[in-house]
Amino acid sequence: METHGRKTNTCGIICLKYLLFLFNIFFWLAGGAVLAVGVWTLVEKSDYISLLNSSFYSASAYILISAGVIVIVTGIIGCCATLKEMRSLLVMYLFLLLCVFLLEIVAGVLAYINYQGLDEELRQNLKETMQQKYQQPGEESITQAVDKLQQEFKCCGSHNYSDWTDSLWIQEAKNSRLVPDSCCKTPSELCGSRNHPSNIYRVEGGCITKLEDFIQSQLYILGAVGVGIAFLQLVGMMFTCCLYRNLKKDPY
């Protein structure tokens, strides 16, 4: 009977090891995905960061990168703890899982709170940034970001094309442009001299709404990924506790 119980216990440990190892593979892949999203945000969307007076967007990207690295390291520790059946590593792994889980909750709450303020700040500042800094000396990054924004989102101006009427660049420029050439559906030199709907993005709406929609869609994606990782962590903590408990009972 004792031998049978020991064999059953050993089989249970083996099953838990495989389950926890499989979990760690998924957890490691999730960490890689979060890290990739953070790097993509900084590399591909870095131009838009210069349009935001708030550091929230860039900080979010760095948080994603940090979280991805922590999740990957945690997954590696989990694999080592599982394969070597070391209770001390399992405790460390469980502690890291719990810390990341709590950090996700805090980060989610802060992101939601700060986004409300960011939304209002974006509305107030984007128009001013476009009007005061576009094509001004030393503001090349702003100019590039605005041009990219208008072309990528097919928009013109913050709220609409008429925002450019009060811009310093239009008022100071010694040319016939009414809007930047990046407002044109087919950009070319001096194409901004004609603001007819067939030539520029006049009826498609302003950039502020489309930029807000883009940021919101990114937050939805991050939220979904965060919920998925949080669920994985709960499962992982459950498996870890079970394995730790069985290892403690196993005399071998």
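Within each chain, residues carry numbers counting from 1 in the order of the written sequence. Local features are withheld for residues below a pLDDT of 70 in this predicted model, meaning they are given only at 70 or higher, and side-chain atom pairs are given and counted only at 80 or more; totals for whole chains, interfaces and linings count all residues. Based on all heavy atoms of the structure, the side-chain values leave hydrogens and waters out of the count.

A. Fine view of the state of the cysteines. The criterion for a disulfide is a pair of cysteine sulfur atoms lying within 2.5 Å. As enumerated under the stated definition, the model contains 3 disulfides in all. Bridging Cys 155 to Cys 207, the disulfide has an S-S length of 2.0 Å. Looking along the S-S bond of the Cys 155-Cys 207 disulfide, the torsion reads about 95°, which is the right-handed sense. You can see Cys 155 sitting in the loop between α5 (140-152) and α6 (168-172) and its partner Cys 207 sitting in helix α7 (residues 207-249), a full 52 residues away along the chain. Only protein chains enter the accessibility calculation, which uses a 1.4 Å probe; a residue whose area is less than 20% of its type maximum is buried, one above 50% is exposed, and one in between is partly exposed. Since its relative accessible area comes to 0%, Cys 207 is described here as buried. The partner cysteine of Cys 184 in its disulfide is Cys 191, sulfur to sulfur 2.2 Å. Around the S-S axis, the bridge from Cys 184 to Cys 191 shows a dihedral of about 110° and counts as right-handed. Judged on exposure class, the residue Cys 184 and its partner Cys 191 are both buried. Only DSSP runs of H or I reaching four residues or more are called helices, and only runs of E reaching two or more are called strands; each is numbered from the N terminus.

B. Main features of the UniProt feature "transmembrane region" (unreviewed entry) in the protein chain. UniProt positions are given in the numbering used here, feature names are shortened, and annotations may be inferred rather than shown by experiment. Mapped onto the present numbering, the UniProt feature "transmembrane region" (unreviewed entry) falls on residues 21-42, 62-83, 90-113 and 219-244. The annotated region residues 62-83 carries 100% helix and 0% strand content, and the separation between its end C-alpha atoms amounts to 32 Å. Taken end to end, residues 219-244 is 100% helix and 0% strand, and its first and last C-alpha atoms sit 36 Å apart.

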